[in-house]
Amino acid sequence: MEYIVPFWNNTHLLLLFLLLVQFASCQRWDGVAVTRPDYLALRAIQNDLIDFNGILRSWSWNDNGNGTCSGQWAGIKCVNGQVIVIQLPWKGLGGIISDKIGHLQALRKISLHDNLLSGKFPSSLGLLSNLRGIYLFNNRLSGSIPPSIGICLMLQSLDVSNNLLTGIIPSALANSTRLYRLNFSHNQISGNIPNQLGRLSGLRILDLSNNLINGSFPPTLFNLSSLVSLNLETNRLHNLIPNEFHRLQNLSVLNLKNNQFSGAIPATIGNISRINQIDLSHNNFTEQIPVSLSGLANLTSFNVSYNHLSGSVPPRLSKKFNSSSFVGNPLLCGYISSTPCPSPPQPPVILPSPSRHHHRKLIIILVAIGILIVTLVVLCWIVCCCLMRKRGANKGKTSSRAVESGDIGEMGGKLVHFEGPFAFTADDLLCATAEIMGKSTYGTAYKATLEDGNEVAVKRLREKTTKGQKEFENEAAALGKIRHPNLLALRAYYLGPKGEKLLVFDYMPKGSLASFLHGRGPETPIEWGTRMNIAIGVARGVNYLHTEENIIHGNLTSSNILLDEQTNAHIADIGLSRLTTAAANTNVIATAGTMGYQAPELSKLKNANTKTDVYSFGVILLELLTGKSPGEPTNGMDLPQWVASIVKEEWTHEVFDLELTRAVNTIGDQLLNTLKLALHCVDPSPSVRPQLQQVVHQLEEIKHDLIVDDGTKSPPPINQ
């Protein structure tokens, strides 16, 4: 026997296994039965799982796998009798992932995220040459990431975030050159960032945040020209950062927060025109903030607080961002609430000689008189222009009128501007022609066309519902600083002499999502990609409100989601509850309830919170999927109840908008996964609903899921 055991080494066992696979694959497939090796592997996988909720009852062993590929087995998808997808997220599954999963040779995707799985990351996944997606985040996996994962040359997405993983990042990952998403965040991974990762030329998302990673910033990361998001927050990285950020021209998000980086902030960050989020806070950066950062037109989030920076904050940055972006730098000046910057030295004052004193005094008097005359002429011209335009508007435009001319009747009041694409005076605003766009509990919205042709949206608030002037101005000033690509920016506000209050926003030419979805004809279909982009935009906007601004929207409806020329979503009515009385806000919540967007608990709580916003977002997601308006009950049920009633145990295509079902062969999985997420958001129990940050994560995963039946789909373009 001692000679027989060595004979059956790993090589011979592997050959035997391949022969068995070949034999099984040569058998005629009837469209339902699974191959014998896959059948045995699934049995081993089930034996190692703890099925707390009975999700795997559909995995029947009585028929020897004859129904495995029929679509009746939960989470299993096959092609030609071989398992290509295991997809069981949010099922409450415990236990471990069996190493026998490596026997599923055709497996393309494993999605077991948001469960209770423990044990080690299965090293046998590296044996799967067809594997493209690994989604194991939000579990309790431990141990290290095996180097064998680098054998998966087809791998495109690897997300094991929010586990208990230790060890180092395997440099062998560089062999998976098709990777576009790599997320190891919220683990206990240590060691350096391997230089070899610089070979992943297609990598778009790299998230190593909240680990124990140390060492320096690898210069090879600048080879990742496709990178869109780089997050190294909360690690132990240190030393200087190479000044080569100009090579990352597609970067949108840069987060190096809470490390030990030192030296100057790289000025070449200012050369990345697409970047919109920069967080360098809680480091050891010194010297001045580079002036080049002022030229970043798309920048919506910026934080360099708690470093050792000095000098003056560039004026454009100090106007665009509040003090929380700069605090914790004792030698930094020139921003709101900071120590004033020292004045530059003034040239010595030369006193006039006595002989020229009277001559100079006469010149000053004449100049003052000239300035006064010019001022009076300009004022008269402004008043005359406005009067003439009012007459012209009244004569030639029966459907238009000055926004406030009928209520104010005189020039005056106070106009406060925030950062925006163009400027205008109070007179420009009050003399603009306007069209009513709609009315809400907060007030009336107008489309106002200024004399120079620029268009803005103006909301006139109901006077009896707003707070007092001082409190109103303080809150409006805070709201005017909020900037995010998916939030409708407050550009200015106007306080009239008789108590009128106007808010000025960007004008969105495509109107609201409600009219976009429900007010169109059958000849203008809306593709799934457009709907998904809108959903992701709304989720990102609300998540930003919750996490960065500590604001609850409280009135999230499809009528408050506005669309620009490119059909990008912009959320309106942000923070208006801070400008109005408690009684007015109660009316707003009641109105949202009649429209079908209100979370069930709000009828008792009366106060909106993050989970009620999640519920409203879930309704909007169902609205995008079904094409139905939440305000129109179906069979006596609201939209979430109706969808849940026909979904039951098995997902069905009956809930989807007819336009979407025509493309179900290519987007079917995305529709089903989005539907699951939407129902998760509208769960009657607030504690079960996810946070918006998780929702954003899931939607992005669904959008960028490249697993298709033929496995030929390529990564999305950088500018998608």
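The structure displayed is predicted, hence computed values, not measured ones.

Enquirer: For this particular structure, what's the right way to read the overall build of the protein?
Expert: Tallying secondary structure elements over the protein gives 17 helices and 30 strands in all. Buried residues in the protein amount to 51% of all 720 residues.

Enquirer: Which parts of the structure should I look at to understand the state of the cysteines?
Expert: When the sulfur atoms of two cysteines share a covalent bond, that bond is a disulfide. For the structure shown, the criterion picks out 2 disulfides. The disulfide partner of Cys69 is Cys78, and the gap between their sulfur atoms is 2.2 Å. Given an S-S torsion of about -75°, the disulfide between Cys69 and Cys78 has left-handed geometry. Per residue, the accessibility class of Cys69 equals that of Cys78, and both read buried. Across the disulfide, Cys333 is cross-linked to Cys341 (sulfur-sulfur distance 2.0 Å). Here the S-S torsion is close to 105°, and the disulfide linking Cys333 with Cys341 is therefore right-handed. For Cys333, a relative accessible area of 10% translates into the label buried. Taking relative accessible area as the criterion, Cys341 reaches 27% and is therefore assigned partly exposed.

Enquirer: Even after reading the chapter, I still don't get the packing of aromatic side chains, so can you show me in this structure?
Expert: Note on aromatic pairs: each is described by the distance of the centres and the angle between the planes. Applying the stated criterion across every chain, the model contains 11 aromatic pairs. Pairing Phe261 with Phe285 gives two aromatic rings, centres 6.4 Å apart and planes at 20°, and the pair type is stacked. Of this pair, Phe261 sits in strand S16 (residues 260-264) while Phe285 sits in strand S18 (residues 284-287), and the two are 24 residues apart along the sequence. As far as the burial class goes, Phe261 and Phe285 line up, both buried. Through a chain of ring-to-ring contacts, three or more aromatic side chains come together here, namely Phe217, Phe222, Phe245, Phe261 and Phe285. Sitting over the ring of Phe472, Lys501 keeps its end group 5.5 Å from the ring centre. Positioned above the aromatic ring of Trp642, the side-chain terminus of Lys628 is 5.0 Å from the ring centre.

Enquirer: So what exactly am I meant to see when it comes to the pattern of salt bridges here?
Expert: Side chains that differ in charge, positive against negative, can pair when their charged atoms come close. Applying the stated criterion across every chain yields a total of 10 salt bridges. Across the salt bridge formed by Glu473 and Lys414, the nearest N and O atoms sit 2.6 Å from each other. Placement of the pair is Glu473 in helix H8 (residues 469-479) and Lys414 in strand S23 (residues 414-417), with a sequence separation of 59 residues. One salt bridge in this structure joins Lys447 and Glu455, with 3.3 Å as the shortest N-O distance. Among the residues examined, Lys447 registers a relative accessible area of 17% and is labelled buried.

Cut-offs and rules
- Residues numbered from 1 in each chain as written.
- Predicted model: local features only at pLDDT ≥ 70, side-chain atom pairs only at ≥ 80, totals over all residues.
- Heavy atoms only, no water.
- Helix = DSSP H or I, 4+ residues; strand = E, 2+ residues; numbered from the N terminus.
- Buried < 20%, exposed > 50% of the residue type's maximum accessible area, 1.4 Å probe, protein only.
- Disulfide = S-S within 2.5 Å.
- Phe/Tyr/Trp six-rings, centres within 6.5 Å; stacked < 30°, edge-to-face > 60°.
- Lys NZ or Arg CZ within 6 Å of the ring centre and 35° of its normal.
- Salt bridge = Lys/Arg side-chain N within 4 Å of Asp/Glu carboxyl O.

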